[in-house]
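Here is how the chains run, residue by residue.
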Amino acid sequence: MKNISRIVRQINPAYYLVYTSTILSTVIGYYLTMNRDSVPNVKSELSVTLSSLIIMYMLISIPASLAIFHRNLKKWREIEDEFLKCKKYIAGAKLRLLAIGLSLVASVIGHFILYAGTSNMTMIGCAGIAAVALFFCKPSLARVANELDIEDTEED
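A quick note: this is a predicted structure, and the numbers were derived from the prediction, not measured. (Residues numbered from 1 in each chain as written. Predicted model: local features only at pLDDT ≥ 70, side-chain atom pairs only at ≥ 80, totals over all residues. Heavy atoms only, no water.)

Summed over all chains, the structure comprises 2 salt bridges. Across the pair D149 and R77 runs a salt bridge whose closest N-O atoms are separated by 3.7 Å. Here D149 is found in the segment after helix 5 (141–148), whereas its partner R77 is found in helix 2 (residues 45–77), with 72 residues between them in sequence. Linking E82 and K85 is a salt bridge whose minimum nitrogen-to-oxygen distance equals 4.0 Å. On the criterion of helical spacing, the pair formed by E82 and K85 is a turn pair, its members being 3 residues apart in helix 3 (residues 82–115). For K85, a relative accessible area of 4% corresponds to the buried category. (Salt bridge = Lys/Arg side-chain N within 4 Å of Asp/Glu carboxyl O. Helix = DSSP H or I, 4+ residues; strand = E, 2+ residues; numbered from the N terminus. Buried < 20%, exposed > 50% of the residue type's maximum accessible area, 1.4 Å probe, protein only.)

A contiguous nonpolar surface patch, about 530 Å² in accessible area, is contributed by I23, V27, Y30, Y31 and M34. Note on Y31: relative accessible area 53%, which makes it exposed. (Patch = residues over 30% accessible without salt bridge, like charges linked within 9 Å, V, L, I, M, F, W, Y side chains within 5 Å. Areas by Shrake-Rupley, 256 points an atom, 1.4 Å probe, with all protein chains shown as cover.)

Here we come to the packing of helix 2 against helix 5. Contact geometry of helix 2 with helix 5 gives a least axis separation of 9 Å together with a crossing angle of 65°. Classed by the angle they form, the pair helix 2 and helix 5 counts as roughly perpendicular. Contacts between helix 2 and helix 5 involve F69, L73 and R77 on the former and, on the latter, N146, E147 and L148. (Axes fitted to C-alpha atoms, helices over the stretch in contact; angles between N-to-C directions. Parallel < 35°, antiparallel > 145°, perpendicular 65-115°, else oblique. Contact = heavy atoms within 4.5 Å.)

This part is about the environment of T26. Following the sequence through the fold, T26 ends up in helix 1 (residues 2–33). Assessed through its relative accessible area of 31%, T26 is described here as partly exposed. Counting along the chain gives 43 residues from T26 to F69, while the straight-line C-alpha distance between them is 29 Å. Ignoring sequence-local partners within four residues, the contact set of T26 consists of V108 and F112.

Moving on, we come to the packing of aromatic side chains. For the coordinates displayed, the defined rule picks out 7 aromatic pairs. Ring plane angle 70° and centroid distance 5.5 Å describe the contact between Y30 and Y31, whose orientation is recorded as edge-to-face. By relative accessible area, Y30 is classed as partly exposed at 45%. Ring geometry for W76 against Y89: centres 6.4 Å apart, planes inclined by 80°, an arrangement best described as edge-to-face. Of this pair, W76 sits in helix 2 while Y89 sits in helix 3, and the two are 13 residues apart along the sequence. In this pair, the class of W76 matches that of Y89, namely buried. Following the ring pairs from residue to residue traces out a cluster consisting of Y15, Y16 and Y19. (Phe/Tyr/Trp six-rings, centres within 6.5 Å; stacked < 30°, edge-to-face > 60°.)

Here's what the structure looks like:
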């Protein structure tokens, strides 16, 4: 159990850092745009380009990071050395969280830059999709044990 809990303890800070960054960007974005007198032009070339880039990143990064992690997980299960297996799993899990978390934070920032004061909810929808994807990546003892097919050991 110590190996699995050690893995979860090493991945959890990255998981919660993404949500903390999201909350921070929401608060900062709100305070920066709450006194804005003019409403941004959502039809401008900059707005369309920026929102398209964020949406494309989200649509590519979430499935790609999940698929790449799953493909690598099959390889990691075959590794005999427990330390190396755990090290690769931790690095892969953190990269997956970073890719999905960047989509979440970018969507929140994009909302405040592009659409604050309008009724356009495109970026909020993107943030919701990324948050759900991130929720499914939450590390837990059962998930790590199941994904790596490792026995609960008391050695560390």
